[in-house]
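Okay, here's what each chain looks like letter by letter:
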Amino acid sequence: MRIFHFKKDLQTHLNTVNNRHKRIGLVPTMGALHFGHLALVRASLAQNELTIVSIFVNPVQFNKQEDLLKYPKTLERDNNLLQEISDQILIFNPAVSEMYPDGLSTNTYNFGGLEHVMEGEFRPGHFAGVATIVEAFLQLVQPKHAYFGEKDFQQLQIVKKLVALKKIPTTIETRFSYEFEK
Ligand code: PAF
């Protein structure tokens, strides 16, 4: 299992002759992995030749600074859980400055109003923040499949709209899991 902290290193690794044509699966997470995440990782391992799990607590999707500060950071435990599943998994764990080198900012999207209703009504900017980081990861990794929990149903629909809007050739996959908790 390998951990990458820098976009350039991950890209260099993905561009090696051995990896260039491999089918890649991406599982974006904010860490604190649980059963639901691991189900997504297992699905990716079954469907792809390379699986990348991103572990990144994305500041721009938090509405309250206190929620961001208290978000659990359990990298060592997360690594161990992934290692138990497969030592072939690649982990991408960038610093905030790596993903937002010009300072924190959020892209503007038009998701047809979906971003403003339900959870979006109470969390202004949240889905634009999610889409900003998911788009960055999809552009970086260019996976064939990317995996999102079904429990976050609105987020899942936003991500599907994102790939359609930006014409990103990644298939968005989900898995149902009773135990998916966040
Ligand atoms: O569902 C999450 O954990 C996050 O919203 C995601 C998709 C990893 C983006 O930061």
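Preceding block: the structure.
Counting starts from 1 at the beginning of each chain's written sequence and moves along it residue by residue. Totals for whole chains, interfaces and linings use every residue, but because this is a predicted model, local features are given only for residues with pLDDT of at least 70 and side-chain atom pairs only at 80 or more, for both listing and counting. The side-chain values count all of the structure's non-hydrogen atoms but skip hydrogen atoms and water molecules.

1. Considerations on the pairing of strand 2 (residues 24–29)
Link 1 in the chain: By the criterion of burial, strand 2 is predominantly enclosed, with 6 of the 6 residues buried.
Link 2 in the chain: Remark: exposure states derive from per-residue accessible area (1.4 Å probe, protein chains only) relative to the maximum for the residue type, with buried under 20%, exposed over 50%, and partly exposed in between. Helix and strand definitions follow DSSP, with helices as H or I runs of at least four residues and strands as E runs of at least two, each counted in order from the N terminus. Where burial is concerned, the two faces of strand 2 agree: the one with I24, L26 and P28 and the one with G25, V27 and T29 are both buried.
Link 3 in the chain: Only when DSSP finds a minimum of two bridges between them are two strands counted as paired. Summarising the sheet, strand 2 and strand 3 (residues 50–55) pair through 6 bridges and their orientation is parallel. Residue pairing in the sheet places L26 in a bridge with I52 of strand 3.
Link 4 in the chain: Note on the crossover from strand 2 through helix 2 (residues 35–47) to strand 3: the handedness is right-handed.
Link 5 in the chain: Relative to strand 5 (residues 145–149), strand 2 runs parallel, the two being bridged by 2 bridges. By definition, the crossover connecting two strands over a helix is right-handed if that path, from the first strand to the second, turns clockwise as seen with the strands pointing away from the viewer.

2. Thoughts on the packing of helix 2 against helix 4 (residues 75–85)
Link 1 in the chain: At a closest axis distance of 11 Å, the pairing of helix 2 and helix 4 adopts a crossing angle of 40 degrees. By the angle class used here, helix 2 and helix 4 are oblique. Judged by the twist between their axes, the crossing of helix 2 over helix 4 is right-handed. Contact residues: L38, V41, R42 and L45 in helix 2; L81, L82 and I85 in helix 4.
Link 2 in the chain: In this classification, the charged set is Asp, Glu, Lys and Arg, the nonpolar set is Ala, Val, Leu, Ile, Met, Phe, Trp, Tyr, Cys and Pro, and all remaining amino acids, among them Gly, are polar. When the residues that make up the contact of helix 2 with helix 4 are grouped by side-chain class, the tally is 6 nonpolar, no polar and 1 charged. Geometry is summarised by axes, namely lines fitted to C-alpha atoms with helices restricted to the contacting stretch, and by angles between N-to-C directions that run from 0 to 180 degrees. Angle categories: roughly parallel below 35 degrees, roughly antiparallel above 145, roughly perpendicular from 65 to 115, and oblique for all the rest. Handedness of a helix crossing follows the sense of rotation of the near helix relative to the far helix, less than a right angle counterclockwise being left-handed and clockwise being right-handed. A contact between two residues is defined here by any heavy atoms of the two lying within 4.5 Å.

3. Quick notes on the pattern of salt bridges
Link 1 in the chain: By convention in these notes, a salt bridge is any Lys or Arg side-chain nitrogen within 4 Å of a carboxyl oxygen on Asp or Glu. For the coordinates displayed, the defined rule picks out 4 salt bridges.
Link 2 in the chain: For R123, the salt bridge is made with E119, and the minimal N-O distance between the two is 2.7 Å.

4. Side note on the packing of aromatic side chains
Link 1 in the chain: Note on aromatic contacts: the rings of Phe and Tyr and the six-membered ring of Trp form a pair at centre separations within 6.5 Å, being stacked when their planes are under 30 degrees apart, edge-to-face when over 60 apart, and tilted otherwise. The final tally for this structure, using the stated rule, is 5 aromatic pairs.
Link 2 in the chain: Each ring, one from F62 and one from Y71, has its centre 5.6 Å from the other, and the planes form 80 degrees; the classification is edge-to-face. Take F62 and Y71: they sit in the same class, and that class is buried.
Link 3 in the chain: An aromatic cluster of at least three residues, connected via ring pairs, comprises F56, F92, Y100 and F137.

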